[in-house]
Amino acid sequence: MTSIEFVTLEVADLTAAGQFYATAFGLGAQVRLRAAEAPTTGFRGFTMSLTVSQPSTVKSLIETALDAGASPLKPVAKSFWGYGGVVQAPDGTIWKVATSAKKDTGPDTRQIDEMVLLLGVADVAASKRFYVDNGLTVAKSFGRKYVEFASADGPVKMALYGRRALAKDAGVSPDGTGSHRLVIGSDAGPLTDPDGFAWENAAATASL
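Residues numbered from 1 in each chain as written. Predicted model: local features only at pLDDT ≥ 70, side-chain atom pairs only at ≥ 80, totals over all residues. Heavy atoms only, no water.

**Thoughts on the pattern of salt bridges**
Worth spelling out the cut-off: Salt bridge criterion: a side-chain nitrogen from Lys or Arg within 4 Å of a carboxyl oxygen from Asp or Glu. Segments assigned H or I by DSSP are reported as helices when at least four residues long, segments assigned E as strands when at least two residues long, and all are numbered from the N terminus.
A full pass over the atoms with the stated rule returns 4 salt bridges. Across the pair Asp169 and Lys96 runs a salt bridge whose closest N-O atoms are separated by 3.2 Å. Placement of Asp169 in helix α4 (residues 163-170) and of Lys96 in strand β7 (residues 94-99) is noted, with a sequence separation of 73 residues between them.

Below, the structure is given as structure tokens:
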């Protein structure tokens, strides 16, 4: 089964981005950084989601992200599905931190239970077919609205939304042009999907 080992964010300032992610979320090898100056404007067509166990952890991670220089997009709040908030990192990547729990059951641990890459695509059904043809296995599918892929043992899960729906969920305009500034590291790569998201071979990258 295909697994995603890491995502690479292309950033203008490697040092600043590295400091931000270490301070804000304490992320490890599943998020890598690469220097790039590819032109990009507006919504880049993807978001990163961090799933945690309880509201206090959501608040802690969002607060440290804001203190480290992130911009608020959606304030931390309760909703019918749980509790969460959205911020935009200084490099432009949008991060959502959420939990399905509505009450704390213990002290804040800052532990991240799951990382999900959400791709906003033009045609969910077409992108689903593309990824199935390239070795990914569907875990959940809701017509042309949402598709979640099985993650095997990889540290990063992936799901598909319509581009407009994903932008709305993030609290931004769906308009945007240029580079996604994202490369997906997996045993499925190298390939480029219908929306221009690039994949690379994780094993080959690790050996460089």
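**Concerning the nonpolar core**
To be explicit about the condition: Only buried Ala, Val, Leu, Ile, Met, Phe, Trp, Tyr and Cys residues count toward a nonpolar core, and they belong to the same one when joined by side-chain atoms within 4.5 Å. The buried label goes to any residue with under 20% of its type's maximum accessible area, the exposed label to any with over 50%, and the partly exposed label to all in between, with areas taken from a 1.4 Å probe on protein chains only. Residue contacts are defined here by distance: any two heavy atoms, one from each residue, within 4.5 Å place the two residues in contact.
Of all hydrophobic cores here, the largest spans 44 residues; its most connected members are Phe25, Trp95, Leu117, Leu119, Tyr131 and Met158. When residues no more than four places from it in sequence are discounted, the contact partners of Met158 are Ile4, Leu117, Leu119, Tyr131, Leu136, Val147, Glu148, Phe149 and Trp199. In this structure, Phe43, Ile94, Ala159 and Ala170 belong to the second largest nonpolar core, which totals 10 residues.

**Points about the pairing of strand β6 (residues 82-88)**
For clarity, the threshold we go by: Strands pair, by our definition, only if DSSP identifies at least two bridges between them.
The element β6 is largely enclosed, with a buried count of 6 among its 7 residues. Where strand β5 (residues 71-79) and β6 come together, 6 bridges link them in antiparallel fashion. Residue Pro72 lies in a different strand from β6, and its bridge partner there is Val87. With antiparallel pairing between neighbouring strands as the criterion, β5 and β6 make up a hairpin whose turn holds 2 residues. Bridge count between β6 and β7: 6 bridges; the pairing is antiparallel. Bridging from a neighbouring strand, Tyr83 pairs with Thr99 of β7.

**With respect to α4**
For the record, the criterion: By definition, the arc is the one covered by directions from the helix axis to the C-beta atoms.
Residues of α4 that are buried include every one of Leu166, Ala167 and Ala170, and no others. Looking down the long axis of α4, one finds its buried residues gathered within 100° of arc, a one-sided arrangement. α4 presents Arg164 and Lys168 as exposed residues on the side facing more than 90 degrees away from its buried surface. Looking at the buried residues of α4, the elements they touch are β4 (46-51), β5, β6, β7, β8 (114-121) and β11 (156-162).

**As for the packing of aromatic side chains**
Two measures describe an aromatic ring pair: the distance that separates the ring centres and the angle between the ring planes. We apply this condition: Between the rings of Phe, Tyr and Trp (Trp by its six-membered ring), a pair exists once the centres lie within 6.5 Å; its type follows the angle of the planes, with under 30 degrees stacked, over 60 edge-to-face, and the other angles tilted.
On inspection of all chains with the given rule, the structure shows 9 aromatic pairs. Here Tyr131 and Phe149 contribute two aromatic rings whose centre-to-centre distance is 5.8 Å and whose plane-to-plane angle is 65°, an arrangement assigned as edge-to-face. Of this pair, Tyr131 sits in helix α3 (residues 124-133) while Phe149 is found in strand β10 (residues 146-149), placing the two residues 18 residues apart along the sequence. Where Tyr131 meets Trp199, the ring centres are 5.4 Å apart and the plane angle is 45°; that geometry is what we call tilted.

**Some remarks on helix α2 (residues 55-67)**
Just so we agree on the cut-off: Any helix carries an expected span of 1.5 Å times its number of residues minus one.
Across its 13 residues, α2 extends 18 Å between first and last C-alpha, which sits within 8% of the 18 Å expected from 1.5 Å per residue. All buried positions along α2 are accounted for by Pro55, Ser56, Thr57, Val58, Ser60, Leu61, Ile62 and Ala65. Contacts from the buried residues of α2 go to α1 (14-24), β5, β6 and β7. Positive phi appears at Gly69, one or two residues downstream of α2, with a value of about 120°.

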